[in-house]
Amino acid sequence: MQKNVEKAKTGDQVAFTFLLDHYWNEVYGFMLKRTQNETDSEDIVIETFSKAFDRIAQYNPEYAFNTWLIAIAKNVHIDLLRKKRSSLFVEITDEEDQRAYNVADSSPTAEDNLIKEQNLSRLLECIKHLKPQYQEVIQLRYFQELSYQEISAQLNEPLNNVKIKLLRAKKLLLEILTKK
């Protein structure tokens, strides 16, 4: 076992894999007893091995490797508990409370709705100035929200023709809108 630890210290990936496979169940079982939660245990064990492999040069061979891993796992578990505990209680300052109170209502006002209706009315008026074939593709694409393929099928035209018609219709509509 010590031979694999020494190889791992030199960066040998096979040795890392061997140590991971050999000690995984022991560390996982230990953490499962402590946490009573499979997901937390797995997260802790993953982080434990990550930290152990990052700091394997610091491992002291006077102690058993599994003891070193368990000590790391205990510390990772303590860190996890601290994070959970600190995230439960968040103090809100008076300033933050006031800012939250002053958050504007994002729902549209009567004025917003009126402007939207006026813009839509203007847009519909401009669309009426287009040729019927362009009005139709604009209607299908933007008001009925059909895909290019659905428009192609409905008009019984090739897909590329639909795309070109729609592009031309948008250019003409832009010209009409900018003139008004």
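Looking up the protein in an unreviewed UniProt entry gives the name RNA polymerase sigma-70 factor, with the organism given as Flavobacterium rivuli WB 3.3-2 = DSM 21788. Under the UniProt heading Sequence similarities (unreviewed entry), the note attached to the protein is "Belongs to the sigma-70 factor family. ECF subfamily."

In this section: the packing of aromatic side chains. The relative placement of two aromatic rings is captured by the distance of their centres and the angle of their planes. Applying the stated criterion across every chain yields a total of 7 aromatic pairs. Ring geometry for Tyr23 and Phe65: centres 5.3 Å apart, planes at 50°, overall tilted. With Tyr23 in helix α2 (residues 13-35) and Phe65 in helix α4 (residues 65-88), the pair connects residues that are 42 residues apart, well separated along the chain. Neither residue differs from the other here; Tyr23 and Phe65 are each classed as buried. Centroid distance Phe65 to Trp68: 5.6 Å. Interplanar angle 45°. Geometry classified as tilted.

A grouping of Leu120, Leu124, Tyr142 and Phe143 is seen on the molecular surface, where their side chains present a nonpolar patch of about 350 Å² in accessible area. Elements that contribute at least two residues to the nonpolar patch include exactly α6 (110-127) and α7 (132-143).

Our focus in this paragraph is unusual backbone geometry. Its identity as a non-glycine residue notwithstanding, Gln36 has a phi of 60°, on the positive side. Note on placement: Gln36 falls in the loop between α2 and α3 (38-54). Residue Gln36 is classed as exposed on the basis of its relative accessible area, which comes to 65%. With phi around 55°, Glu145 is a residue other than glycine that occupies positive phi space.

This brings us to the nonpolar core. By size, the foremost hydrophobic cluster in this structure holds 23 residues, and its most contacted members are Leu19, Val27, Phe49, Ile56, Phe65 and Leu69. The set of elements that each furnish at least two residues to this core consists of α1 (2-9), α2, α3 and α4. Non-local contacts of Ile56, meaning those with residues more than four positions away in its chain, are made with Val5, Ala8, Lys9, Phe16, Leu19, Phe65 and Trp68. Listed in part, the 15 residues of the second largest apolar core include Cys126, Leu140, Leu146 and Val162.

Once that is clear, we can look at helix α8 (residues 148-155). Taken together, the buried positions of α8 are occupied by Ile151, Ser152 and Leu155. Angularly, the buried residues of α8 cover 100° about the axis, an arc narrow enough to put them on a single face. Turned more than 90 degrees away from the buried face of α8 sit Gln149, Ala153 and Gln154, all of them exposed. Those residues of α8 hidden inside the fold are in contact with α7 and α9 (159-179). Downstream of α8 by a residue or two, Asn156 has a phi angle that is positive, lying close to 55°.

About the cut-offs
- Residues numbered from 1 in each chain as written.
- Predicted model: local features only at pLDDT ≥ 70, side-chain atom pairs only at ≥ 80, totals over all residues.
- Heavy atoms only, no water.
- UniProt positions renumbered as here; feature names shortened; annotations may be inferred.
- Phe/Tyr/Trp six-rings, centres within 6.5 Å; stacked < 30°, edge-to-face > 60°.
- Helix = DSSP H or I, 4+ residues; strand = E, 2+ residues; numbered from the N terminus.
- Buried < 20%, exposed > 50% of the residue type's maximum accessible area, 1.4 Å probe, protein only.
- Patch = residues over 30% accessible without salt bridge, like charges linked within 9 Å, V, L, I, M, F, W, Y side chains within 5 Å.
- Areas by Shrake-Rupley, 256 points an atom, 1.4 Å probe, with all protein chains shown as cover.
- Salt bridge = Lys/Arg side-chain N within 4 Å of Asp/Glu carboxyl O.
- Core = buried A, V, L, I, M, F, W, Y, C linked by side-chain atoms within 4.5 Å.
- Contact = heavy atoms within 4.5 Å.
- Arc of directions from axis to C-beta.

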